[in-house]
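Residues per chain, in single letters:
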Amino acid sequence: MIVGIIGSGAMGAGIAQVIATAGHKVHLLDKNSQALERAAQQIKKALGKLSSKGKLSEIAVMDITDRLHFTESYQDFGDCDLVIEAVVEDLQVKQNLFREVEMIVPQDCILASNTSSLSIASIAAACQKPERCIGIHFFNPAPLMPLVEVIPAVQTQAGLAQEIKEMVESWGKTPVLAKDTPGFIVNRVARPFYGEALRILEEGIADIATIDWAMTELGGFKMGPFTLMDFIGHDVNYRVTESVFTSFFYDPRYKPSFTQKRLFEAGYYGRKSERGFYDYREGAPQPEPTKDEALGQTILHRVLAMLINEAADALALNVASKEDLELAMTKGVNYPKGLLAWADELGLPTVLETLDSLYHEYHEDRYRASPLLRRMVRENRTFFP
C-alpha cells in the first residue's frame, strides 16, 4: 500500500513515521521546503533514538527511511491508495486541499482527515466522491500515542470504517470508532477536565498549583489540567474548546473560559512561549500547592463528576460503544481509569448527587445530569457487571 501524507508538521511527520515503520511506502508532502527538511530531520532523530535503545536495528531504520519520500508536488500522489491530510484546523483549507488532490489520486484512493474537531461530513462534501472520505484522527506525538479515532461521515461507504479500523490495528495502533459529532470521543469527553478546573480557579476555590496537585496526587492523572493545557498550548487547546462550543450550538457544557482566552490573546501559549498558567522562564518561581486533603477531594470529585457525565452522555447518544469510550480515555489521554468504570467504583448515586448539588447551586445547564445517568441510578444499574 502507498500512503500520501499532506502536511509535514509534528503530526504529519509522526504519522508518516508510523506508517513507514508498518511497512508502507509514504509520500510526505509540504509546499514549504524548509518544513519538509525539518520533518526529515525529526523522523531521522526519532528513528535514531529507537535504534540507540535497541528497539530498531540499523537495517530496519534504513528500510523505513527508504520507504519515505519527501515531496512538494501533488503529482507524486498518482499511485496512492490512501491520503491523510494533517494540515491546519480550517475547514475551507481542508476542503480546497481535497478538491485538488481528488483530481490526481486513483478513483479508489481513500481520502482521510486527521482533524481533531471539524465535521468529516463537511470535509467530504467538497469531494466528487464523498463516499471514500473518512476521519483518521491520531494523537500527538503519533509514534508514541496508541489511540486512533476512526470517524465515518454520513457519506462514507458501508464497510470502510471497519476496513480502516483493521488497517490501523495492523500499524500497531489502538483504533476506536466514533460518530461524526464535535470533538469525536476524546476532545468531547475531556472538555470538563479543562473547563471545570478553570471554573474552580475563576471562583477562587483553589489556585492552579492546588488544582493540579489534587488531580495528580489524589486522582492519579499523569498531568494536572493547567500543566496539560500549558503543554498542549493555548493556541491549540483554547481553539478546540471554542470549536466544540460553537459546533454544539453553544451548549453551556462546553463554554470557553475568559481566563484561558486572555492567555491566548496575550500570546502566552504555555511551554512553547515560556508563559502560560505557569512561568517557564529560567529562574521563575513556581507556585506551591495547598495540600489540603478535604479541599483536594472536593476538587477531584467535582471534575470527575463532570467527566463521567460527559462520558455517560456520549454513550447515551451513541457517539461510541462503552468499550471504545473507555479505550479512548485511557489510551488517548492516559486517564488512570476508564470514566464509566470509575463511575461504577465511586457509585453512580454519588456522581449524580454531586451533579445535582452543582446544578442546584448554579442553576446552569452546564451541570445538568445525563438522562442515562439518572435512569441508571433509578434502576440501580452499573455501566459494567
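Let me begin by describing the structure that accompanies this report. As a convention, each chain's residues are numbered from 1 in the sequence order in which they are written. Owing to the predicted nature of the model, reporting of local features is limited to residues with pLDDT of at least 70; listing and counting of side-chain atom pairs is limited to 80 or more, with chain, interface and lining totals taken over all residues. Remark: hydrogens and water are excluded; side-chain values derive from all non-hydrogen atoms of the structure.

The subject of this paragraph is the overall build of the protein chain. Labels follow the DSSP assignment, with helices taken as runs of H or I lasting at least four residues and strands as runs of E lasting at least two, numbered in each case from the N terminus. If you tally the helices and strands in the protein chain, you get 17 helices and 8 strands. It is over C-alpha atoms that the radius of gyration is taken, and the globule rule equals 2.2 Å times the number of residues to the power 0.38. Since a compact globule built from 385 residues should have a radius of gyration of about 21 Å, the 22 Å found for the protein chain is in line with a globular shape. Dimensions of the protein chain along its principal axes, counting C-alpha atoms only, are 60 × 55 × 40 Å. Within the protein chain, buried positions represent 52% of all 385 residues. Values of accessible area rely on a 1.4 Å probe in the Shrake-Rupley scheme; residue burial ignores everything except the protein chains shown. Roughly 17200 Å² of accessible area belongs to the protein chain as shown, and the carbon and sulfur atoms make up 52% of that amount. For the charge count, each Lys or Arg is scored as positive and each Asp or Glu as negative, with His and the chain ends excluded. Charge positions are represented by NZ for Lys, CZ for Arg, CG for Asp and CD for Glu. The average position of the 40 basic charges and that of the 51 acidic charges among the side chains of the protein chain differ by 0 Å. Remark: exposure states derive from per-residue accessible area (1.4 Å probe, protein chains only) relative to the maximum for the residue type, with buried under 20%, exposed over 50%, and partly exposed in between.

In this section: the pattern of salt bridges. Salt bridges are defined as contacts in which a side-chain nitrogen from Lys or Arg sits within 4 Å of a carboxyl oxygen from Asp or Glu. Summed over all chains, the structure comprises 22 salt bridges. The closest approach of N and O atoms between R302 and E196, which form a salt bridge, is 2.7 Å. Here E196 lies in helix α8 (residues 191–202) and R302 lies in helix α13 (residues 293–316), a separation of 106 residues in the sequence. Each member of the pair R302 and E196 is classed as buried. Among the ionic pairs, R381 bridges to E379, the shortest N-O distance being 2.8 Å. With a relative accessible area of 42%, E379 lands in the partly exposed category. Taken together, the shared-partner salt bridges in this structure form one network comprising R188, D251, R253, E310, D313, D365 and R368.

Topologically, T210 is positioned in helix α9 (residues 208–218). Not counting residues within four places of it along the chain, the set of residues in contact with T210 comprises P289, T290, L295 and I299. The contact criterion used throughout is that any non-hydrogen atoms of two residues lie within 4.5 Å.

In summary, the pairing rule links any two rings of Phe, Tyr or Trp, Trp by its six-membered ring, whose centres are within 6.5 Å, and it sorts them by plane angle into stacked for under 30 degrees, edge-to-face for over 60 and tilted for everything else. Throughout the structure, instances matching the rule amount to 14 aromatic pairs. Both rings, one in F138 and one in W171, keep their centres 6.2 Å apart while their planes meet at 15 degrees; by these two values the pair is stacked. Here F138 is found in strand β6 (residues 133–138), whereas its partner W171 is found in the loop between α6 (160–170) and β8 (174–177), with 33 residues between them in sequence. Each member of the pair, F138 together with W171, is buried. Measuring from ring centre to ring centre gives 6.5 Å for Y278 and Y280, while their planes differ by 65 degrees; the resulting arrangement is edge-to-face. Under the relative-accessibility criterion, Y278 is labelled buried at 11%. Accessibility expressed as a relative area gives 21% for Y280, which makes it partly exposed. One aromatic cluster in this structure is built from F193, Y194, F221, Y335 and W342. Over the aromatic face of Y362 sits the side chain of R199, whose NZ or CZ is 5.5 Å from the ring centroid. Above the ring of F384, the side-chain terminus of K322 is found at 5.1 Å from the ring centroid. By the criterion adopted, a ring carries a charge over it if an Arg CZ or a Lys NZ lies within 6 Å of its centre and within 35 degrees of its normal.

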